[in-house]
Amino acid sequence: MSLASTSPSSPPWIETLRRGDWLDSERARGYRNILLILTGAAIVVWTALAVAHGGLDPKGKPLGADFPCFYAASRLALSHHIADIYIPARHWAEQRAIFGTKVDDPAFFYPPPYLLICLPLALLPYLPSLAVWMGLSGSVALAGLKPLIPDRTALLALAAYPAVFSNLGHGNNAFLTAGLFAFAVLNAQRRPIIAGLVLSVLVVKPHLALVLPLALLVTGRWKMIAAAAVGTLSLLAVSYLAFGAEAWRGFFDVAAFARSALEGRMIGDEKMQSAFAAVRVLGGSVTLAWTAQGVVTLAACGAMALGLRKTGDVATQAAIASCAALLATPYLYDYDLMLAALPLLWLFREGRRTGFLPWEKSVMIAAFLLPLVSRLIGSAIHVPTGPFVLSA
């Protein structure tokens, strides 16, 4: 059955969602502007309250809830306490010593190459460091997504995307990873060497790049593969020389804790957008969750491979690869949906150029709002939404 076909007895609301006529340009601009005003006001008020209370937000936590994890890692590295970074109790104690209050991240789960990025963070006081981090990583995201932002309308739509607000609130690295991913896949054909080197930096968060080796093999990007391999090995070597074997031993030790944290619901399944988390939210066992994640990962890889072989357009290939990447990982927070900006911008551009297919507008709206509502729905009524919307 094609997307365009519907049963004559379909309820009116189904037909409305299928056509998407209700979302015309004027209404879309209005909703976008309302969201921009509300999120902008929330950011300003929240930040002002935190600054007035010594960097603590109204919940009593440091502004940028996840950034203390990176900042404490920087402090420990600069003071040559490398081993302590990967000992959860000591890393958490360092965070509490800095802020004197509750912090969210119990451990530093990132590989040593990420320490190269974190290292200079503690050279500044906390709030200026957070501002610089958000500004620089946001610039990386903007630069990576730039080919899909043709005009002011698209730029404002990106600014209103709730994943932007979520990442700002968490002080996390989703701007950085989305920008690196987007730049690499959108420049795969034109600048394969540079794209491969940029892609190698995703070794700092490798679970978001699980599908990319397959994507590069399917599309025959041999220069990019070689450049990515050289870049990755270089980053691994530099991190080893900078932090020593103890950092790598610590990382492999804490990796086991990361898995137990995921399986033991220490992270919060309602915050996650993966198939693994969806099964756990619905009450399924760990075994069933891993089975479901495996099936979804294989299906995403298969669909990606078929899709990539059917088109030579780099932007289309990038949109396909990014959707597959989001579905393939079991560890996906709502702010990581910043990467979904790539297929959303692509759909927006193509829809304006050639018209929207049936259901496309409704799926776009669902994906656009996903970072805003998924955690709330998962917490309130225990219904997972992430993998279903991403699959659509």
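Residues numbered from 1 in each chain as written. Predicted model: local features only at pLDDT ≥ 70, side-chain atom pairs only at ≥ 80, totals over all residues. Heavy atoms only, no water.

A few points about the overall build of the protein chain
Next up, step 1: Scanning the protein chain from terminus to terminus reveals 19 helices and zero strands.
Next up, step 2: The C-alpha atoms of the protein chain give a radius of gyration of 21 Å, which matches the 21 Å a tight globule of 392 residues would have.
Next up, step 3: Judged by the C-alpha coordinates and their principal axes, the protein chain covers about 70 × 50 × 45 Å.
Next up, step 4: Within the protein chain, the fraction of its 392 residues that count as buried is 48%.
Next up, step 5: Across the protein chain, contacts joining residues at least 24 apart in sequence account for 71% of those joining residues at least 6 apart. (Helix = DSSP H or I, 4+ residues; strand = E, 2+ residues; numbered from the N terminus. Rg over C-alpha atoms; globule rule 2.2 N^0.38 Å. Buried < 20%, exposed > 50% of the residue type's maximum accessible area, 1.4 Å probe, protein only. Contact = heavy atoms within 4.5 Å.)

Remarks on the packing of helix 3 (residues 67-78) against helix 5 (residues 88-99)
Next up, step 1: Look at helix 3 against helix 5: their axes get within 9 Å of each other, and the N-to-C directions meet at 100 degrees. In terms of orientation, helix 3 and helix 5 fall into the roughly perpendicular class. Only His91, Glu94, Gln95, Ile98 and Phe99 of helix 5 make contact with helix 3, whose side of the interface consists of Pro68, Cys69, Tyr71, Ala72, Ala73, Arg75 and Leu76. (Axes fitted to C-alpha atoms, helices over the stretch in contact; angles between N-to-C directions. Parallel < 35°, antiparallel > 145°, perpendicular 65-115°, else oblique.)

Some thoughts on the side chain of Ser239
Next up, step 1: You can see Ser239 is positioned in helix 13 (residues 222-263).
Next up, step 2: Contacts of Ser239, omitting those with residues within four sequence positions, involve Pro112, Pro113, Leu116, Gly244 and Trp248.

As for unusual backbone geometry
Next up, step 1: Phi at Trp359 takes a positive value of approximately 75 degrees, unusual for a residue other than glycine.
Next up, step 2: The partly exposed category is assigned to Trp359, whose relative accessible area is 26%.
Next up, step 3: The residue His382 is not glycine, and still its phi comes out positive at about 55 degrees.
Next up, step 4: You can see His382 is positioned in the loop between helix 18 (360-381) and helix 19 (386-391).

Thoughts on the packing of aromatic side chains
Next up, step 1: Counted by the stated rule, this structure contains 22 aromatic pairs.
Next up, step 2: Between the aromatic rings of Phe67 and Tyr126, the centroid separation amounts to 5.5 Å while the plane-to-plane angle is 55 degrees, which identifies the pairing as tilted. A residue pair is termed long-range when its members are at least 10 positions apart, and Phe67 in helix 3 and Tyr126 in helix 7 (residues 126-145) qualify at 59 residues. Just as Phe67 is buried, Tyr126 falls in that class too.
Next up, step 3: On the numbers, 5.3 Å between centres and 80 degrees between planes, the contact of Tyr71 with Tyr126 is edge-to-face. Of the two residues, Tyr71 sits in helix 3 while Tyr126 sits in helix 7, which places them 55 residues apart along the sequence. (Phe/Tyr/Trp six-rings, centres within 6.5 Å; stacked < 30°, edge-to-face > 60°.)

Re the pattern of salt bridges
Next up, step 1: Under the defined criterion, the tally for this structure stands at eight salt bridges.
Next up, step 2: With its nearest N and O atoms 2.9 Å apart, the salt bridge here joins Asp334 to Arg375. Remark: Arg375 occurs in helix 18 and Asp334 occurs in the loop between helix 16 (314-328) and helix 17 (341-354); sequence separation between them is 41 residues.
Next up, step 3: Exposure remark for Arg375: the relative accessible area of 23% places this residue in the partly exposed category.
Next up, step 4: Across the salt bridge formed by Glu350 and Arg349, the nearest N and O atoms sit 3.3 Å from each other.
Next up, step 5: Taking relative accessible area as the criterion, Glu350 reaches 15% and is therefore assigned buried. (Salt bridge = Lys/Arg side-chain N within 4 Å of Asp/Glu carboxyl O.)

Here we look at helix 8 (residues 152-160)
Next up, step 1: For helix 8, the complete set of buried residues consists of Ala154, Leu156, Leu158 and Ala160.
Next up, step 2: The inward-facing, buried residues of helix 8 abut helix 2 (25-52), helix 7, helix 9 (162-170), helix 17 and helix 18.
Next up, step 3: By the N-cap criterion, in which a side-chain oxygen at the helix start approaches the backbone nitrogen of a residue two or three places on, helix 8 is capped by Asp151, the distance to Thr153 being 3.3 Å. (Polar contact = N/O pair within 3.5 Å; in protein donor to acceptor, adjacent residues only side chain to side chain.)

Looking at the packing of helix 7 against helix 10 (residues 174-186)
Next up, step 1: Relative to each other, helix 7 and helix 10 sit at 25 degrees, their axes nearing to 7 Å. Here helix 10 runs roughly parallel to helix 7, going by the angle between their axes. For helix 7 against helix 10, the interelement crossing comes out left-handed. Of the residues in helix 10, those touching helix 7 at Trp133, Met134, Ser137, Gly138, Val140, Ala141, Gly144 and Leu145 are Phe175, Leu176, Gly179, Leu180, Ala182, Phe183 and Leu186.
Next up, step 2: Of the residues contributing to the contact of helix 7 with helix 10, the split by class is eleven nonpolar, four polar and no charged. (Left-handed = near helix turned anticlockwise from the far one by under 90°. Nonpolar A, V, L, I, M, F, W, Y, C, P; charged D, E, K, R; others polar.)

Points about the nonpolar core
Next up, step 1: Core analysis: the largest hydrophobic core is formed by 104 residues, its most contacted members being Phe70, Ile85, Phe108, Leu145, Tyr161, Met338 and Leu342.
Next up, step 2: Sort the elements by how many residues they give to this core and helix 10 lands first, with eleven residues.
Next up, step 3: Discounting residues that sit within four places of it in the chain, Phe70 has contacts with Phe108, Tyr110, Tyr114, Cys118, Leu121, Trp133, Gly171, Asn172 and Asn173. (Core = buried A, V, L, I, M, F, W, Y, C linked by side-chain atoms within 4.5 Å.)

Quick look at the environment of His81
Next up, step 1: Position of His81 among the secondary structure elements: in the loop between helix 3 and helix 4 (82-85).
Next up, step 2: With 125 residues separating them in the primary sequence, His81 and Pro206 have C-alpha atoms 25 Å apart.

Describing the environment of Met338
Next up, step 1: Within the element layout of this structure, Met338 appears in the loop between helix 16 and helix 17.
Next up, step 2: Sequence separation between Met338 and Val218 is 120 residues, and the spatial gap between their C-alpha atoms is 25 Å.
Next up, step 3: If we skip the residues at most four places from it in the chain, Met338 touches Leu145, Leu158, Tyr161, Ala163, Val164, Ala174, Phe175 and Ala178.

Some points on the environment of Asn172
Next up, step 1: By secondary structure assignment, the location of Asn172 is in the loop between helix 9 and helix 10.
Next up, step 2: A residue is classified by how much of its surface remains accessible, and Asn172, at 2% relative accessible area, is buried.
Next up, step 3: Along the chain, Asn172 and Leu347 lie 175 residues apart, while their C-alpha atoms are 26 Å from each other.

Digging into helix 13
Next up, step 1: With 42 residues, helix 13 extends just 37 Å between its outermost C-alpha atoms, more than 12% less than the 62 Å of an ideal straight helix rising 1.5 Å per residue.
Next up, step 2: Bending of helix 13 peaks at approximately 110 degrees at the position of Phe243.
Next up, step 3: Positive backbone phi, at 60 degrees, marks Arg265, one or two positions downstream of helix 13. (Expected span 1.5 Å × (residues − 1). Bend = angle between axes of the 7 residues up to and from the residue.)

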